[in-house]
Structure formats: structure tokens, C-alpha cells
Amino acid sequence: MSTARPARPVSCEELAGSHVLLTGATGFLGQATLERLLASYPDTHVSVLIRPRGERGAADRLSTLLRKNVFRPLSERLGADELVRVVRERVTVIEGDLGSVALPADLDVVIHGASTVSFDPPVDEAFRTNVSGVATLYEALAGSPHVVHVSTAYVAGTRKGVVAEAALDHDVDWQLELEMALAARADVERDSRRPEVLRRALAQADEQHAKAGPQSTAAAAERLRTKWVTRRLVDYGRTRARSLGWPDVYTLTKALGERVAEQRWAHTGRPLSVVRPAIVESALRHPYPGWIDGFKMADPLIIAYGRGVLREFPGLPDSVLDVIPVDLVINAILAAAARPPATGPAYLHVSSGASNPLTFQNMYVLCREYFDNHPMPDGDRGHVEPPTWRFPGSQQVELTLHAGERVTALAERVLLRLPPSKRSQDWLTSLGRQQQDLGQLREYADLYGVYTRAEVIYDDTRLRELHAALPAQRATEHGFDPTVIDWRAYLQDVHCPSITATVRRAGQRRGRSTAGHRGSPSQSTSISSLSLPERTDVAAVFDLEGTIVNSNVVESYLWARLATMPRSGWLRELADLARCAPRYLYAERRDRGELLRAFLRRYAGVRADALRALVTEVLGDVLLHRVMPEATRQIRRHRAAGHRTVLITGAVDLHVEPLSVLFDEVVASRMHVKDGVLTGFLEAPPLVDEARAAWLRQYAQGHGLHLDRSYAYADSYSDRPLLEAVGHPHAVNPDSQLFRHARRRRWVVHRWGEHTGGLLEVLLDVTRADVRIDVRPDHGTRGVPR
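As the structure is a prediction and not an experimental result, all values here were calculated from the model. Residue numbering note: each chain is counted from 1, following its sequence as written. Reporting in this predicted model follows two pLDDT cut-offs: at least 70 for local features of residues, and 80 or more for side-chain atom pairs to be given and counted; totals over whole chains, interfaces and linings ignore these cut-offs and use all residues. Working from all heavy atoms in the structure, the side-chain values ignore hydrogens and water.

### Looking at the pairing of strand β2 (residues 45–50)
When you tally the buried positions in β2, you get five out of six residues, the bulk of the element. DSSP calls a pair of strands paired once it identifies at least 2 bridges connecting them. Each helix corresponds to a stretch of at least 4 residues labelled H or I by DSSP, and each strand to a stretch of at least 2 residues labelled E; elements are numbered beginning at the N terminus. Strand direction decides the pairing type here: strand β1 (residues 19–23) and β2, joined by five bridges, are parallel. The residue of β2 that forms the bridge with L22 is V48. Looking at chain direction, β2 and strand β3 (residues 91–95) are connected through five bridges and run parallel. Residue pairing in the sheet places S47 in a bridge with T92 of β3. Note on exposure labels: buried denotes an accessible area under 20% of the residue type's maximum, exposed denotes more than 50%, and partly exposed covers the range between, all computed with a 1.4 Å probe on protein chains only.

### Brief notes about the nonpolar core
Among buried residues, those of type Ala, Val, Leu, Ile, Met, Phe, Trp, Tyr and Cys that are joined through side-chain atoms within 4.5 Å constitute a nonpolar core. By size, the foremost hydrophobic cluster in this structure holds 101 residues, and its most contacted members are L34, F71, I111, L310 and F313. Among the elements that make up this core, the one with the highest residue count is helix α11 (residues 326–337) (10 residues). Excluding residues that lie within four positions of it along the chain, L34 makes contacts with L22, V46, V48, L62, L65, F71 and V91. One finds V553, F599, L614 and L623 within the second-largest nonpolar core, a separate group that totals 51 residues. Here a residue-residue contact requires only that any non-hydrogen atoms of the pair lie within 4.5 Å.

### Structural notes on the pattern of salt bridges
By definition, a salt bridge exists where a carboxyl oxygen of Asp or Glu is found within 4 Å of a side-chain nitrogen of Lys or Arg. In total, this model carries 35 salt bridges according to the counting rule given. Two residues, R185 and D124, come together in a salt bridge whose shortest N-O distance is 2.6 Å. Here the residue R185 occupies a position in helix α6 (residues 174–192), and D124 occupies one in helix α5 (residues 123–140), the gap between them amounting to 61 residues. On the basis of relative accessible area, R185 is assigned to the partly exposed category, the value being 26%. The class for D124 is buried, based on a relative accessible area of 3%. Ionic contacts of the salt-bridge type, sharing partners, join the residues D124, E125, R128 and R185 into one network.

### What to know about the sheet that holds strand β7 (residues 272–277)
Strand-to-strand pairing in sheets goes through backbone hydrogen bonds, with the strands running parallel or antiparallel. Taken in spatial order, the seven strands of this open sheet run β3-β2-β1-β4-β5-β7-β10, and their pairing is parallel. Among the strands making up the open sheet, the edge pair consists of β3 and β10 (346–350). Each adjacent strand pair in this sheet contributes to an overall mean axis angle of 20 degrees, direction not counted. In this sheet, β10 lies alongside β7 in parallel orientation, the contact comprising five bridges. Across the sheet, the residue bridging to S273 is A346, located in β10. Packing of helix α2 (residues 58–66) onto the sheet brings it into contact with β2 and β3, and relative to β3 it is tilted by some 130 degrees. An axis is simply a line fitted to the C-alpha atoms; with a helix, the fit covers only the stretch in contact. Between two such axes, the angle follows the N-to-C directions and lies from 0 to 180 degrees.

### Details of the sheet that holds strand β12 (residues 539–542)
The strand order across the open sheet built from six strands is β14-β13-β12-β17-β18-β19, with neighbouring strands paired in parallel fashion. Here the strands that pair on one side only, and so sit at the sheet edges, are β14 (665–669) and β19 (748–750). Each adjacent strand pair in this sheet contributes to an overall mean axis angle of 15 degrees, direction not counted. The pairing of strand β17 (residues 711–714) with strand β18 (residues 728–732) spans four bridges and is parallel. Each bridged residue has a counterpart across the sheet, and for Y711 the counterpart in β18 is H728. Helix α25 (residues 689–703) rests against β12, β13 (644–652) and β14 of the sheet, and its axis sits at about 150 degrees to β13.

### Some details on the side chain of R276
Considering the arrangement of structural elements, one finds R276 in strand β7. Here a polar contact is taken to be a pair of N or O atoms separated by no more than 3.5 Å, where protein atoms must pair a possible hydrogen donor with a possible acceptor and residues adjacent in sequence count only if both atoms sit in side chains. One polar contact links R276 to E258, side chain to side chain, over a distance of 2.8 Å.

### Description of empty space enclosed by the protein
Here a cavity is any set of points on a 1 Å grid over the protein atoms alone where a 1.4 Å probe fits but cannot get out, and a pocket is any open set with protein on both sides within 12 Å along at least 5 of 7 lines; a residue lines the site when it has an atom within 4 Å of a point. Grid points are joined across faces, edges and corners, and a volume is the space filled by probe spheres set on the points. Per the stated rule, a full pass over the model turns up 10 cavities of 30 Å³ or more. The calculated volume of the second largest cavity comes to roughly 90 Å³. Forming the boundary of the second largest cavity are L301, I302, Y305, F360, M363, Y364, C367 and W389. The set of elements that each furnish at least two residues to the lining of the second largest cavity consists of α10 (298–306) and α12 (360–373). Here the lining of the second largest cavity takes four residues from α12, the largest share from any one element. Residue classes in the lining of the second largest cavity are distributed as eight nonpolar, no polar and no charged. Three categories are distinguished: nonpolar for Ala, Val, Leu, Ile, Met, Phe, Trp, Tyr, Cys and Pro, charged for Asp, Glu, Lys and Arg, and polar for the others, with Gly belonging to the last.

### Examining the packing of α5 against α6
The contact between α5 and α6 brings their axes to 9 Å, and the two run at 140 degrees. Considering their axes alone, α5 and α6 lie oblique with respect to each other. Crossing geometry of α5 relative to α6 is assigned as left-handed. Mapping the contact onto sequence places V123, D124, E125, F127, R128, V131, S132 and A135 in α5 and W174, E177, L178, A181, L182, A184 and R185 in α6. Of the residues assigned to the contact of α5 with α6, the class counts are nine nonpolar, one polar and five charged. Roughly parallel means an angle under 35 degrees; roughly antiparallel, over 145; roughly perpendicular, 65 to 115; everything else is oblique. By convention, the crossing between two helices is left-handed when the near helix turns anticlockwise from the far helix through less than a right angle, and right-handed when the turn is clockwise.

### Digging into unusual backbone geometry
The amide bond that connects H286 to the next residue, P287, takes the cis arrangement and shows omega of 0 degrees. Checked against the element boundaries, P287 lands in the loop between β8 (279–281) and α10. Within the chain, F391 stands out as a residue other than glycine whose phi angle is a positive 50 degrees. Residue placement: F391 occurs in the loop between α12 and α13 (394–417). One non-glycine residue, D675, lies in positive phi territory at about 55 degrees. With respect to the helices and strands, the residue D675 is situated in the loop between β15 (671–674) and β16 (677–682).

### Comments concerning the pairing of β10
Of all five residues in β10, five are buried, a share of seventy percent or more. Burial along β10 is two-sided: A346, L348 and V350 facing one way and Y347 and H349 facing the other are all buried.

### Description of α5
With 18 residues, α5 should cover 26 Å at 1.5 Å per step; its first-to-last C-alpha distance of 24 Å lies within 8% of that length. At S132, α5 shows its maximal kink, close to 35 degrees. Every buried residue of α5 is listed here: V123, D124, A126, F127, N130, V131, G133, V134, A135, T136, L137 and Y138. Lining the buried residues of α5 we find β4 (109–112), β5 (146–150), α6, α8 (214–244), α9 (249–264) and β7. To estimate the expected span of a helix, subtract one from its residue number and multiply by 1.5 Å. Fitting axes to the seven residues that end at a residue and to the seven that start at it, the angle between those axes gives the bend at that residue.

### Examining the layout of surface pockets
Rolled over the atoms, a probe sized like a water molecule indicates the empty space that remains. Taken as a whole, the second largest pocket holds about 1400 Å³ of empty space. Sorting the residues of the lining of the second largest pocket by element identifies β1, α1 (28–40), β2, β4, α5, α9, β8 and α14 (422–452) as the ones contributing at least two each. Looking at the lining of the second largest pocket, the element that brings in the most residues is α5, giving five residues.

### Section: a nonpolar patch on the surface
Note that patches include only residues with greater than 30% relative accessible area and no salt bridge, and the join distances are 9 Å for like charges and 5 Å for nonpolar side chains (Val, Leu, Ile, Met, Phe, Trp, Tyr). Throughout, the Shrake-Rupley method with a 1.4 Å probe supplies accessible areas, and for residues the shown protein chains are the sole cover considered. Together, L410, V414, L418 and W427 make up an exposed nonpolar region whose accessible area comes to about 380 Å². Along the chain, the position of V414 falls in helix α13.

### Examining the confidence of the model for the chain
pLDDT measures how confident the predictor is about each residue, on a scale from 0 to 100. Looking at the chain as a whole, its pLDDT mean stands at 85, while 90% of the residues score no less than 70. Here residues 511–527 is modelled with pLDDT under 50, and outside its nearest four sequence neighbours on either side it reaches 36 contacts, counting other chains as well.

### What about α10?
Helical periodicity: at 3.6 residues per turn, an α-helix aligns residues three or four positions apart in one direction. In terms of burial, α10 is largely enclosed, as nine of its nine residues are buried. All of the buried residues along α10 are A298, D299, P300, L301, I302, I303, A304, Y305 and G306.

### What about the packing of aromatic side chains?
Centres within 6.5 Å make a pair out of two Phe, Tyr or Trp rings, where for Trp the six-membered ring is used; the pair is then stacked when the planes are under 30 degrees apart, edge-to-face when over 60, and tilted otherwise. Applying the stated criterion across every chain yields a total of 19 aromatic pairs. Their ring planes at 15 degrees and their centres at 4.6 Å tell us that W695 and Y699 sit as a pair that is stacked. On the criterion of helical spacing, the pair formed by W695 and Y699 is a turn pair, its members being four residues apart in helix α25. Here W695 and Y699 have matching classes, each one buried. Clustering of aromatic rings is evident, with ring pairs tying together Y305, F313, F360, Y364, Y370, F371, W389 and F391. Over the aromatic face of Y288 sits the side chain of R72, whose NZ or CZ is 4.6 Å from the ring centroid. Residue placement shows R270 over the ring face of W265; its charged tip is 3.8 Å from the ring centre. Note on geometry: a ring has a charge over it if NZ (lysine) or CZ (arginine) is within 6 Å of the ring centre and within 35 degrees of the ring normal.

Structure representation (C-alpha cells):
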């Protein structure tokens, strides 16, 4: 534990001429520290350790950093060119990771801020950055620079009462925990390949994605396995942390990182200051009020509340939410850097809870007032009314959340089995919003609930002593006294306006947009009115049934079959079709190819030339009358733009011949013919699900087409691979599963024509003997020899 030391003045002159190494320079605290050093400590030289990312090197990442908002006031004051000159003169970029590069030997101060700040990362990732990375740093440092180790106040763990600014009292073996954490991934990866785990993943993937094809199912199963690995590793970290007295793996690894710093640096007699910020949020004053980079801990909660998502939250109304503005934290870090401890490590809580507490209830009241006066936009529905919280307790919130999750999961299963309709899709859209809201509440409750139920106060005696040691002329601009924060003014005039600005702009854009917004099921009119780029190296690929024509394979068969027999035979044919309908329904839900193979067997014995004549003389007109006008217009627009139009269908080629005039290429199923008679078998496997995408890729390669600029239109989830193969997917009258997928992927969704609901609805109608035959009466008794 550090000993008391007399307060002596702290000024920027004590950092004059210092060579400062800054890690984590691209992070929230890191970029603010770099800006402050450049703006207010002109006699320092800064080395920044930056990892390359992809093809972007460290120097490029630094250049990008200088264009961020944190540097905007400095750039405006100096001029952009002068800022670049100053950085070139005062900043040295070290590219690489700790352990892979040599650090400067003449360092005076090291500010170590690099860490993972996610509360619940996989256990190995958290330990690799927050523990192993710290050990590597102290192994790499030469000499005896003063190290300012940036930690977090929450290293104190799950406890109640006042926490002193002192070393943590625990006997956890950080080396053993690190070894076990790094080994966990291999253990979990091995477990994820056990047959019982893989079978569960395959069963779930098959239930959800079988219609899209075997590779889609396999890919989904692998995604599920990978998610299982991640969830398991997150659970490893969370559970291990809680078993040791910390709320999550983030706080555990930050605590162990402190112990590494103490053992590897301070215990060897070298100067160490441990700075523990609480919940760091937007700037109070510098570089300008409200500056923040991304959303921090409290921000998702505030925004979700303002959007009406969080109807309740499992927090204690009297719990202190220990928020501190980022500029006060940076000022404290640099003041600590200018004052190395005389003996032993120094510890500093940069927090507000002891001197200027903000309770969770008070934060709620202030945010409620803000959103009452400045409500969030709700698209074209006006504004969101902020909910009223009653703080019922974490147990009641958990029960309500669990019940909501169960009900919405059941509702989704039911809706996905209903025939597609505007009403069912509206229900799915509404249900999707509810599931998203519940998912956010679950995520926030799991991650942040423990912080909003904390009954702990972080003593800030040393922080106040250090602030008091500042020269009077620097106290305002460079101080870090938490009592200067007026919470009402800070939250309502600075913080909330800053973090909601982006969300408000997005909501206003949604409000201005009409039916043409991407992902909306009612956008066909506006999308169809948009001009298409004229080019000859793209394709426009269309499915047939439910996309172009308002019919399906069952109706096509009934037109042909019932037109070939006297009305006295219709009832027998319909009865037989009704008897087979359950088998067809099962095949339709699983594999479109199975359905086609099973259903087309009903054509066995029909003469090919007679069916062709029937299509030419009668059914061709019926088919053309069933073409939806919106589809015709869209096909013609693509042709006018020079696009290659392609029809891909599992329907029999004889049935679709009348549509060939609309397309450059027609690909359909061909029935096997023997001695002029259809055998009921196909000549080749039908082009369905993944086979369509494979055919399209080969076709595009052979014709020099760019699929990333091409278009596809389809109505069934079985066409998902086809839609994903192009750059502009369009879901037309989608079934429920495709509609849900299109919503999630923000694809264009159209509703064209008077949609019947697809094959599922027709088969259900057949089982109820409720079939309307749309064949002209004057041709109704024309027969086909069998």
C-alpha cells in the first residue's frame, strides 16, 4: 500500500522534455490523451504503439486518427497543415504488437491504456490482452520510466461499502489463471466437435434452413457451432470471474493486470501509478463539451430508454452510477504522470461517487426530463414517449423478460408456418421489433445490471489531494474535481444531446423516407420507379411462381389436368390430390426438389405433343393473364437498360414457353419423354435452392456478367442462395421465412399483384376442396390422350 506523501504543486512543466510512450492510442482514452499532450504539453515527445490492421499500417491509422473529432478544435486552432507538421515533429509511430517490437530506451513516462473494454469477451481474448499484454509490456520496458497503468475502479469486484485507493486484497494466481484461460479455447473447440453437439447444431440448422439447400444447412450448422464456442468461452470467463468475486471477465482481468504491474514493475523499485477511472463518458469541456468516440457503458441504456425499448431495468434506485467525464480522467492521468510516487505504487480513483454521487434513480429522472422535452423521432409515426420506470427489482424484471422471450419465440414458430400474407408479414415485422427490444434488454441486463445494482463507493481522497496540488491558474482547464459537475446540466445539455445526435438524424431520415426505404415490405412502387443503370454486363434473374405469375405448380397441373377430363372426373382427381397433399406439404417445407419430383409424377402417361398443344391453344393465355403487371414492367425496365433477363423455374418447360418472349434466357425443368409420352420423371435434377445459384455463377462466368451488380427476384426461402448470389436481391411476395430473412438483411421487399399465398395455401385449399379452376369454359372439355 502506498504511504502518505506531502502535496506538492503539479504542473505541465514537470512533463517538459519528457518522452512519453502511449499504448492504446487509437482507443477512447488513448486518442484523448494524445490530443491533450499535443495541445497542452508542447515540450513533450510522444511515441505511440499502433498495430497495423489489414492493409492499413500504423502511420495510416494515425493519419486517420488525426481526422477524428477529438482533434478538430486543435486542427482549427493550428490549421490542418500545421497540425500535421507538429505531429510529424513530436510523434513517433511504432508499428507492431508488444513483444514484437523494440521500445525506446529513453522513455520518461509510459501511459499504458491498451486493453479490451468489452465486459464479456471470450475468456482467452480478455486474458490475452488485459493480462498477457501487460506482462509483455513490463518485460519489454527498459530503464525505469514512470508507468501510469490505466485500470478501472471496478477492479474492486463485487462488494459493498467504501473501497480505498490502495492495492487490491486478493491472492489469485494470475499466472495460473492466464494459463488456464489461454488453454480454454482448445478445450471448447474440441468439445464443440463432439457428435452430440454437432447433432444439435445440424438439427436446428436443418429445421430452419433445409429449404435453402444442403450447403446452406451445413453453413448454418457451422455458424451455430462457432456461436456455441463463443458463448461457451464467454461463459467460462463470466463464471470464473464471479466465482472469484468479480462481476465479469473484464474486471477480473483488469484486476490481475494490476497485480502483474505490481509484481513486474513496482516490486522491483520502479515508479508505478495505477489510475482507476469509473464509468468514463463524454467530455465536460475539452476538447469540446460532449465529445465522445462511440457509445460507452451508460449510453446504450440512455438511448434504448429514449427509444422506448427499456420499459424497465433491473437497477437499484439508490445505487450510485459512478460516471466521470473523459476530460477529467485525462487531466488526472497526466497529473499523475507528472508526479511519480516516491515510494511504492500510487493508486488513484478517478470517480464521482464519493464526492458528487449520481444515483440511478436521479439519472433516470434527469434523462426522463430530457426525453420529455426532446423526444426521440419514431420515423413517420411521430415521436417516442419515454417509459415510466417503477424499479420493481431484478427478479421481477427477469421473470417478465423470460416470459416475453418464450412468448415471442412461440409466436415466431407459429407465424413462420402460416401462408404468407400482408397481415402475417406485418405480424412478423412487429414481432421482430419486439424480439429486438427483448434482445437488447437481455443483453443490457446481463452486461450492465450488476453495475446498476452496485452498492459501492470509491474513495477519492488521493484524487482530491492531487487536484488541490494543481496551480490555481491550471485548476479550471486541467483539473479533475468531480464536484464541478452539475449533473442536470451535464446530462441534459451536454451528454444526452451528444450521444443521441446520430440516432436522431437516422430517425429523421427514416421519417422522410417513404415506401422506398430499403427493407420495407411496401416499397415496390418507389423502387420500381428508380432508374436502372444502363449496362450489358449484368443479369436480372427472375423466379416464376409467386414472383412473375400468380400461380404455382399445383395450379398449373390443375389447369392442364382438369381441362383434359369431363367435369364428372374432377371430384375424383381433387380427392386424390387432397389425399397426397400432406406429403406434398411436407416436401415443400423441406426441399423444393422433393416436391417437384413427387408432384410431377402426376403427369405420367400424358402425351407431350398434346400437352404442348393445350398450352399453346389454351393454357398459354391463362398463364399470360396470371402474369403480374408489376413483374412485366420490371422485366421490361431491365431489358430497356440492356440487362440480360433470365427466367429460372422448376416448372415444366412446356408450361412456360409462352413467357419466353419476355426473357433472353429461360431455364426450366424438362420432363422425360418415351415414345412421345411423359414418364413422370425429370430429364435432370431440377434447378432449385443452391442449384440455381450454382447455375447462375457458371452462366455469369460464361457470359461475362458481374453478379455483384446483378439483380434477382424470388419469393421463396428456397431461393435464398440465388438472392445472396447477386448484389441487388429483391424478395417478391416472400414466404414468411424469406420475409424474416429479408428484413434482417435489409433487402428490398415487394408486394406485387393479388398474391394467393403460394403453394402452401393452394395445397391447404385442396385439402378443403376449395379450388377455383381458372380455365375458360369453351376449352374446359378439350382432352389430352392418355
